[in-house]
Amino acid sequence: MIREPIAPLDGGFVEVDGLHLYHRVCERAGPTAPAVVHLHGFGISGSYLEPTAVRLADDARHYIPDLPGTGGSAEPEQTLDIPGAMRSVIGYLDAVGLERATFVGNSLGCVTLIELAASHPERVDGLVLVSPAGGPNNQPLAKALGQMTIDGLREPFSLSRIATRDYLRFGLIQSYSLFRAMTRYPTIERLRDLHRPMLVILGRRDPLVDEQLVRSRLTGRADTAAVVIDGAHALNFTHPDTLAALVRALLHDTPLDRVTPASGTIDILVEPG
């Protein structure tokens, strides 16, 4: 059973590469407003991304797809992997008529968006990468599984209810496969190859992402900023007000030191060089 999205988002289906994908859309801001596509992590639906999107309903048009096999979307014939996820995003953009968009990803969604920006930079206006896991900080795999367990204890029960339902629907073996692929992906290293405006947002209590690695690899880039806010890994769900304020700053080219968090603090880790 598909849960109704939070208003003013509307839920429905769109056909992508022969599959019916469930998505959530809000176009209240009007046809000339910028488009923002929100992309979920491994095995989970886009439900947990809704809180951030609704807080930006007047700033942009919003699109939140469930990739093949997740949430309310049909299962693909082949097991979903990172390249397949990227191709599905391209197909989704075509299906909803978006030539370009700003993308807000979380966790594995960031990895998919890095692949997208590297392969199809003409489709990307900007990237907001929330909790971009992957790489040395998540290796070996046993360490990453332990980090996930720690993070699960730091997230609210309301998120656990969404995640458990979605993981069971997606399949634990498939979820494990994508999680393993994420841990092997050199996420922060790949960011240095991209040439699009980027904002990296880390949670102060996120065990999956290394602040110092982000600082050392991204400092000095003219088009990249990174900040640390309160929270753990699923900031799109747990801290939507602060996250929305940061996304709004990227959309309107507002300096980050003028952004006021809903609670706690925003620490600027990397400023554009």
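As a reminder, the structure under discussion sits directly above these lines.
Let me sum up the structure you'll find in this document. (Residues numbered from 1 in each chain as written. Predicted model: local features only at pLDDT ≥ 70, side-chain atom pairs only at ≥ 80, totals over all residues. Heavy atoms only, no water.)

**Focus on the nonpolar core**
Here is step 1 of the chain: In terms of nonpolar packing, the biggest core is built from 55 residues, with Phe-103, Leu-116, Leu-127, Leu-191 and Val-214 touching the most fellow members.
Here is step 2 of the chain: Each residue touching Val-214, except ones within four places of it in the same chain, is listed here: Ile-188, Val-200, Leu-202, Val-209, Thr-219, Ala-226, Leu-269 and Val-270. (Core = buried A, V, L, I, M, F, W, Y, C linked by side-chain atoms within 4.5 Å. Buried < 20%, exposed > 50% of the residue type's maximum accessible area, 1.4 Å probe, protein only. Contact = heavy atoms within 4.5 Å.)

**Section: the sheet that holds strand β2 (residues 19-26)**
Strand pairing in a sheet relies on backbone hydrogen bonds. The paired strands run either parallel or antiparallel.
Here is step 1 of the chain: The strand order across the open sheet formed by 9 strands is β1-β2-β4-β3-β5-β6-β7-β8-β9, and the pairing between neighbours is mixed. Bordering the open sheet on either side are β1 (10-16) and β9 (266-270), each of which pairs with just one other strand. Neighbour-to-neighbour, the strand axes of the sheet open up by a mean angle of 25 degrees, direction not taken into account.
Here is step 2 of the chain: Judged from the 4 bridges that link them, strand β6 (residues 124-130) and strand β7 (residues 198-203) form a sheet pairing that is parallel. Bridge assignment links Leu-129 to a residue of β7, and that residue is Val-200.
Here is step 3 of the chain: Against the sheet, helix α2 (residues 82-96) touches β1, β2, β3 (35-39), β4 (61-65) and β5 (101-106), its axis set at about 110 degrees to β1.
Here is step 4 of the chain: Each of β7, β8 (224-229) and β9 touches helix α8 (residues 211-218); the most contacted strand, β9, lies at about 45 degrees to it. (Pairing = 2+ DSSP bridges. Helix = DSSP H or I, 4+ residues; strand = E, 2+ residues; numbered from the N terminus. Axes fitted to C-alpha atoms, helices over the stretch in contact; angles between N-to-C directions.)

**Quick look at α8**
In an α-helix, one full turn covers 3.6 residues, which means residues spaced three or four apart are oriented alike.
Here is step 1 of the chain: Considered for burial, the residues of α8 that qualify are Leu-213, Val-214 and Leu-218. The arc enclosing the buried residues of α8, seen along the axis, measures out at 100 degrees, which places them on a common side.
Here is step 2 of the chain: In the core, the buried residues of α8 are packed alongside α7 (187-191), β7, β8 and β9.
Here is step 3 of the chain: If you check the start of α8, you find a side-chain oxygen 3.0 Å away from the backbone N of Gln-212, and it comes from Asp-210.
Here is step 4 of the chain: Immediately beyond the C-terminal end of α8, within one or two residues, lies Gly-220, with a positive phi of roughly 95 degrees. (Arc of directions from axis to C-beta. Polar contact = N/O pair within 3.5 Å; in protein donor to acceptor, adjacent residues only side chain to side chain.)

**Some points on the pairing of β4**
Here is step 1 of the chain: When you tally the buried positions in β4, you get 5 out of 5 residues, the bulk of the element.
Here is step 2 of the chain: Burial along β4 is two-sided: Arg-61, Tyr-63 and Pro-65 facing one way and His-62 and Ile-64 facing the other are all buried.
Here is step 3 of the chain: Here 4 bridges tie β2 to β4, and the two strands are oriented antiparallel to one another. The residue bridging His-23 from the neighbouring strand is Pro-65, located in β4.
Here is step 4 of the chain: Inspection of the sheet shows β3 paired to β4 by 3 bridges, in the parallel sense. Considered in β4, the bridge of Val-36 is made with His-62.

Any link to function would need more than the numbers given here.
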